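# Fold and geometry: a report
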Amino acid sequence: MCGIVGYIGNNLSKKILLNGLTNLEYRGYDSAGISILSNGNIHTLKTKGRVKDLIDLSNLDKVDGYCGIAHTRWATHGEPSDINSHPHNNQNNTFSVVHNGIIENYSDLKNFLVSKNYKFISQTDTEVIPNLIDYYYKEGNDFLHSVYKACKHLKGSYAICVISSIFPDKIIVARKSSPLVLGKGINENFIGSDIPALLEYTKSFYFINDNEFAEVLKNNIIFYDENLSKIEKKCKEINIDFSQINKNGYDDYMLKEIYEQPKSIFRTLNNLNFENLNITKEYLKSLKKIYIIACGTAMHAGLVSKTLIENLCKINVEVDLASEFRYRNPIIDSNTLAIFISQSGETADTIAALELAKVSNAQTIAVTNVPESSITRIADKVLYTSAGPEIAVASTKAYTSQISLMSYFSLYLAKLLNSINDDLLKELETDLNNIPNKIKELFDNLDSQIKDIAKKIYLEKDIYYIGRGLDYYVALEGALKLKEISYIHAEAYASGELKHGTIALIENNTTVISIITNPLLVEKSISNIQEVISRGAKTIIITNQSLNKNEFNHIIKIPEINSYLSPILSIIPLQLLAYHIAKLKKLDVDKPRNLAKSVTVE
Ligand code: M6R
């Protein structure tokens, strides 16, 4: 949610800031803006729309300088508009701020500032920050202390970068519950919401924790703790290949990421080491419950993981949405293992749920795709999916990597517990290692089949997804993919549940997509499909079973695999279907409306 960039150094900042914003646009894209210091003044340009709309502003040409900040917005307070876009400046234009997060007490602060004759022009929560800084500056504080004192009054979450025309040689940054990284250069330093935004310029990064501050100068970065005492930080070298965040010839990141899945799963499986978790058989036996907590697609990966751990390890697993878990007084104690799945490692609800689990004395494991993300610094242990940067808002390769990781983890636990027989263990291990090849096999001819189907259904208003067991969880994920990028209403139902209400919505020509991969449930699933066919539904079947082609409108065959692992294959046609439908509707696949890649606010 919102991307921020900052630069100070020997180079002109505008190009660097705009490049950084372009890399961060997946975090929010309803407006963009830039503030640059030049000739002793702050020059702010901002607009509703995308970064390219900012670049197109005619007066952007006239502004450049060696210190600046920039922002791409996902609106929380105040509609997307030129005025509500960041940066926000104080009324004298001496301080300029970009902010990611939500200031929950902005209304009280605004009232206070209005009583001191401050004037506000936007509807945002952020505008209180530069004015509060100005207020403390006028009380006689220097730049750092003015920002520090202002932050002490902010409730909620923030990552901020502040520049000042009075102090042109530094940028002050502060962070609380919103991501921020600092990139080190030679005679220049960078600030960004995440590492990939800055990889073009540096591979050396500092990470600041909640409630910490930094003074970023051209040749130095000085860090401070929550009491403004100086602290030392070590710079870390990050080895992400910058080419991984290019489209590499694909039209969209999402398509590239769909096709990367053989590689991302291979990397994930080959980079895992569970020994560091120090899990013993005795510990597993002592567990009352495993919780898996996540949001969106990551929660769907959690549902698949539940089935595997419960069936293979015979441990009770509860899956919860992070936004629900954190407010429902969950029963959790030292006999609970709590696993948090998050591609970005920055999702606010997931992090808050993790913090709750920690204070309840549960052992915590984070499963994330982003090294050095916030979640990695809070959880007791971390497991990484090595999917590589996922840029498209709709998650694809991260999801299949999460399931691959969790499948492998379930087998590791089952081995420790001796809870499955050797034949099944061997079969699952072989099949899991074979998944990258099976996906490549699935890709043969898949695109043309899916395009054909997409052409027939892309104008529909409602599409239903059904399945039983693991296939139901894949249905949930398939429906989410369609909703988020094609804006078609999609609902997923457990096949057997349809007749308890939702079947009333099935009428002539309604499209029902069914996933059937468990040989034990084929007949039951077919019966449910017959129930919708009798009511006029058109049916699309994703299956690894041999079904009678004449009974259904389309069958998409996926390679055979042990049914515990089938979600990793069966989701792929559904990802591609969502993609091609969105393309036919001429939608922006990578940046769907109203969404952002990392949801760093509640
Ligand atoms: O970064 P996270 O895995 O924590 O993100 C969780 C969800 O916001 C995310 O999976 C979201 O549902 C995706 N847009 C789905 O494609």
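Analysis parameters
Residues numbered from 1 in each chain as written. Predicted model: local features only at pLDDT ≥ 70, side-chain atom pairs only at ≥ 80, totals over all residues. Heavy atoms only, no water. Helix = DSSP H or I, 4+ residues; strand = E, 2+ residues; numbered from the N terminus. Rg over C-alpha atoms; globule rule 2.2 N^0.38 Å. Buried < 20%, exposed > 50% of the residue type's maximum accessible area, 1.4 Å probe, protein only. Near = heavy atom within 4 Å. Polar contact = N/O pair within 3.5 Å; in protein donor to acceptor, adjacent residues only side chain to side chain. Areas by Shrake-Rupley, 256 points an atom, 1.4 Å probe, with all protein chains shown as cover. Nonpolar A, V, L, I, M, F, W, Y, C, P; charged D, E, K, R; others polar. Axes fitted to C-alpha atoms, helices over the stretch in contact; angles between N-to-C directions. Parallel < 35°, antiparallel > 145°, perpendicular 65-115°, else oblique. Left-handed = near helix turned anticlockwise from the far one by under 90°. Contact = heavy atoms within 4.5 Å. Salt bridge = Lys/Arg side-chain N within 4 Å of Asp/Glu carboxyl O. Core = buried A, V, L, I, M, F, W, Y, C linked by side-chain atoms within 4.5 Å. Domains from an automatic or database assignment. Phe/Tyr/Trp six-rings, centres within 6.5 Å; stacked < 30°, edge-to-face > 60°. Lys NZ or Arg CZ within 6 Å of the ring centre and 35° of its normal. Pairing = 2+ DSSP bridges. Right-handed = clockwise from strand over helix to strand, strands pointing away.

The helix and strand inventory of the protein chain stands at 18 helices and 25 strands. Against the compact-globule benchmark of 25 Å for 602 residues, the protein chain has a radius of gyration of 25 Å, which places it among compact chains. On the principal axes, the C-alpha backbone points of the protein chain span a range of 80 × 55 × 45 Å. Out of the 602 residues belonging to the protein chain, those deemed buried represent 62%.

Moving on to the site of the ligand. The ligand sits among 14 residues. The nearest are Ser342, Gln343, Ser344, Thr347 and Glu484. In the model, an oxygen atom of the ligand is placed 2.7 Å from a nitrogen or oxygen of the Ser344 side chain. Contact between the ligand and Thr347: an oxygen atom at 2.4 Å from a side-chain N or O atom of the residue. Computed on the free molecule, the ligand has an accessible area of 410 Å², of which 90% lies beneath the protein chains in the complex. For the shell around the ligand, the secondary structure elements donating two or more residues are α9 (296-313) and α16 (470-486). Of the residues contributing to the shell around the ligand, the split by class is five nonpolar, seven polar and two charged.

Next up on the list: the packing of helix α4 (residues 128-138) against helix α5 (residues 143-152). Two elements in contact, α4 and α5, have axes whose closest approach is 8 Å; the angle formed by their N-to-C orientations is 125°. Classified by the angle their axes make, α4 and α5 are oblique. Once α4 is placed against α5, the crossing between them reads as right-handed. Residues Leu132, Ile133, Tyr136 and Tyr137 of α4 pack against Ser146, Val147, Lys149 and Ala150 of α5. Residue composition of the contact of α4 with α5, by class: six nonpolar, one polar and one charged.

Counted under the stated rule, the structure contains 24 salt bridges. Lys597 is the salt-bridge partner of Glu390, the closest N and O atoms lying 2.6 Å from each other. Pair noted here: Glu390 is in the loop between β20 (381-384) and α13 (397-417) and Lys597 is in the segment after α18 (566-584), with a separation of 207 residues, a long-range link. Lys597 carries the same exposure label as Glu390, and that label is buried.

The next subject is the nonpolar core. Core analysis: the biggest nonpolar cluster contains 96 residues, and Ile290, Ile292, Leu312, Ile339, Met406, Phe409 and Tyr465 have the highest contact counts within it. For this core, the element with the highest residue contribution is α18, accounting for eleven residues. Looking at which domains feed residues into this core, each of domain 2 (253-444) and domain 3 (447-584) supplies at least three. Not counting residues within four places of it along the chain, the set of residues in contact with Met406 comprises Ile292, Ser305, Ile309, Ile339, Ile341 and Val367. Within the second largest apolar cluster, 31 residues are counted, among which are Ile103, Phe167, Ile172 and Ala174.

Looking now at the domain arrangement of the protein chain. If you check the domain split of the protein chain, you get domain 1 (3-245), domain 2 (253-444) and domain 3 (447-584). One C-alpha centre belongs to domain 1, the other to domain 3, and the line joining them spans 45 Å.

If you want to describe how two helices pack, look at the angle between their axes and the distance between the axes. Contact pair α13 / α18: the axes reach a minimum separation of 10 Å and the direction vectors enclose 175°. Judged by the inter-axis angle, α13 sits roughly antiparallel to α18. Note on element contacts: α18 touches α13 through Pro567, Ile568, Ile571 and Gln575, opposite Tyr399, Thr400, Ile403, Ser404 and Ser407. Taken together, the residues that form the contact of α13 with α18 break down as five nonpolar, four polar and no charged.

Turning to the environment of Ile403, a few remarks are in order. The topology assignment puts Ile403 in helix α13. For Ile403, a relative accessible area of 1% puts it in the buried group. Ile403 sits 164 residues away from Pro567 along the chain, and the two C-alpha atoms are 8.1 Å apart. Here Ile403 is in contact with Ala301, Val304, Pro567 and Ile568, once residues within four sequence places are set aside.

Per the counting criterion, the structure on display carries 17 aromatic pairs. With centroids separated by 5.3 Å and ring planes inclined at 55°, the aromatic side chains of Tyr7 and Phe190 adopt a geometry described as tilted. Linking Tyr7 in strand β1 (residues 3-9) with Phe190 in strand β10 (residues 188-192), this pair joins segments that are 183 residues apart in sequence. An identical accessibility class is assigned to Tyr7 and Phe190; each is buried. Measuring from ring centre to ring centre gives 6.0 Å for Tyr250 and Tyr259, while their planes differ by 15°; the resulting arrangement is stacked. Since its relative accessible area comes to 22%, Tyr259 is described here as partly exposed. Taken together, Phe95, Tyr137, Phe143 and Phe167 form an aromatic cluster joined through their ring pairs. Note that Arg593 overlies the ring of Tyr487, its terminal NZ or CZ placed 3.9 Å from the centroid.

What follows is about the sheet that holds strand β24 (residues 538-543). As summarised here, the arrangement of the five strands in space is β22-β21-β23-β24-β25, forming an open sheet in which the pairing is parallel. Two strands lie at the open edges of the sheet, namely β22 (489-494) and β25 (554-557), each paired on one side alone. On average, adjacent strands in this sheet sit at an angle of 20° to one another, irrespective of strand direction. Helix α15 (residues 446-457) contacts β21 (462-467), β23 (511-516), β24 and β25 of the sheet and is inclined by roughly 150° relative to β25.

Counted residue by residue, strand β16 (residues 289-294) has six buried out of six residues, so it is predominantly covered. Neither face of β16 is left uncovered, since the one carrying Lys289, Tyr291 and Ile293 and the one carrying Ile290, Ile292 and Ala294 both have all their residues buried. Across five bridges, the pairing between β16 and strand β17 (residues 317-321) is parallel. Note that in β17 the partner of Ile293 across the bridge is Asp320. This β-α-β element, β16 to α9 to β17, shows right-handed connectivity.

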